[in-house]
Amino acid sequence: QVQLVESGGGLVQAGGSLRLSCAASGRTFSNYAMGWFRQAPGKDRELVATISGSGGFTYYADSVKGRFTIARDNAKNTVYLQMNSLKPEDTAVYYCAQRSVLTPTYDYWGQGTQVTVSS
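Keep in mind it's a predicted model, so treat the numbers as computed, not measured.

Quick notes on the rules
Just so you know, the residues in each chain are numbered from 1, in the order the chain's sequence is written. Confidence filtering applies because this is a predicted model: local features only for residues at pLDDT of at least 70, side-chain atom pairs given and counted only at 80 or more, and all residues used for totals across whole chains, interfaces and linings. Working from all heavy atoms in the structure, the side-chain values ignore hydrogens and water. If DSSP finds at least two bridges between two strands, the strands pair. By definition, any uninterrupted DSSP run of H or I lasting at least four residues is a helix, any uninterrupted run of E lasting at least two residues is a strand, and each is numbered from the N terminus. A fitted line through C-alpha atoms represents every axis, and for helices the fit uses only the stretch in contact; the resulting angles, taken between N-to-C directions, go from 0 to 180 degrees. Disulfides are defined as cysteine sulfur pairs within 2.5 Å. Polar contacts, as counted here, are pairs of nitrogen or oxygen atoms within 3.5 Å of one another; within protein the pair requires one atom able to donate a hydrogen and one able to accept it, and residues that are adjacent in sequence qualify only if both atoms are side-chain atoms. By definition, residues are in contact when any of their heavy atoms lie within 4.5 Å. Each residue gets one of three labels from its accessible area relative to the maximum for its type: buried under 20%, exposed over 50%, partly exposed in between, using a 1.4 Å probe on protein chains only.

### Here we look at the sheet that holds strand E7 (residues 68-73)
Thinking step 1. The four strands are arranged E1-E3-E8-E7 in an open sheet whose pairing can be described as antiparallel. The sheet is open, and its two borders are formed by strand E1 (3-7) and E7, each paired with just one other strand. Neighbour-to-neighbour, the strand axes of the sheet open up by a mean angle of 15°, direction not taken into account.
Thinking step 2. Bridge count between E1 and strand E3 (residues 18-25): five bridges; the pairing is antiparallel. Each residue of the ladder has a partner; that of Ser 7, found in E3, is Ser 21.

Pasting the structure below:
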């Protein structure tokens, strides 16, 4: 059974930094691409960043490009999201998710961690 557990959220002032972590268990971590998503109150869930199983390929939403960095440590079964130069509009619940091998969807999700950026 796959489990994804996020940590690292919190309250930070605008311009500050946070690092989110997502620890995975249940299947061979390096076989699966991972993604970070976020959902702000009253808004649709948004893809923030993705990383391939090897870590060699990454993707960022335009809204976070140049400020956020996704990385993974396959020895630790963990994916990270380093968030710098945070803005109030980054406030959301952040979720990590593991992508299916067979379909272009994410089939396992964490419980989410709250990030609040004050102005």
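### What about the state of the cysteines?
Thinking step 1. Across all of its chains, the model carries one disulfide by this definition.
Thinking step 2. The disulfide partner of Cys 22 is Cys 96, and the gap between their sulfur atoms is 1.9 Å. The S-S bond linking Cys 22 to Cys 96 shows a torsion near 45°; that makes this disulfide right-handed. Of this pair, Cys 22 sits in strand E3 while Cys 96 sits in strand E9 (residues 92-99), and the two are 74 residues apart along the sequence.

### Brief notes about the side chain of Ser 52
Thinking step 1. With respect to the element layout, Ser 52 can be found in the loop between strand E5 (46-51) and strand E6 (58-60).
Thinking step 2. Looking at Ser 52, its side chain comes within polar contact range of the main-chain nitrogen of Gly 56, at 3.2 Å.
Thinking step 3. If sequence neighbours within four positions are ignored, Ser 52 has contacts with Ala 33, Phe 57 and Arg 72.

### So, the environment of Ser 63
Thinking step 1. Assignment of secondary structure puts Ser 63 in the loop between E6 and E7.
Thinking step 2. With relative accessibility at 35%, the residue Ser 63 sits in the partly exposed group.
Thinking step 3. In this structure the C-alpha to C-alpha distance between Ser 63 and Gln 111, which are 48 residues apart in sequence, comes to 23 Å.
Thinking step 4. Excluding its chain neighbours within four sequence positions, the residues that come into contact with Ser 63 are Arg 38 and Glu 46.
Thinking step 5. Side-chain polar atoms of Ser 63 contact the side chain of Arg 38, separated by 3.4 Å.

### Focus: the pairing of strand E10 (residues 106-109)
Walk down a regular strand and you will see the side chains alternate between the two sheet faces.
Thinking step 1. With three bridges connecting them, E9 and E10 associate as antiparallel partners. Pairing of Arg 99 across the sheet is with Tyr 106, part of E10.
Thinking step 2. Hairpin connection, E9 to E10: the antiparallel pair is bridged by six residues.

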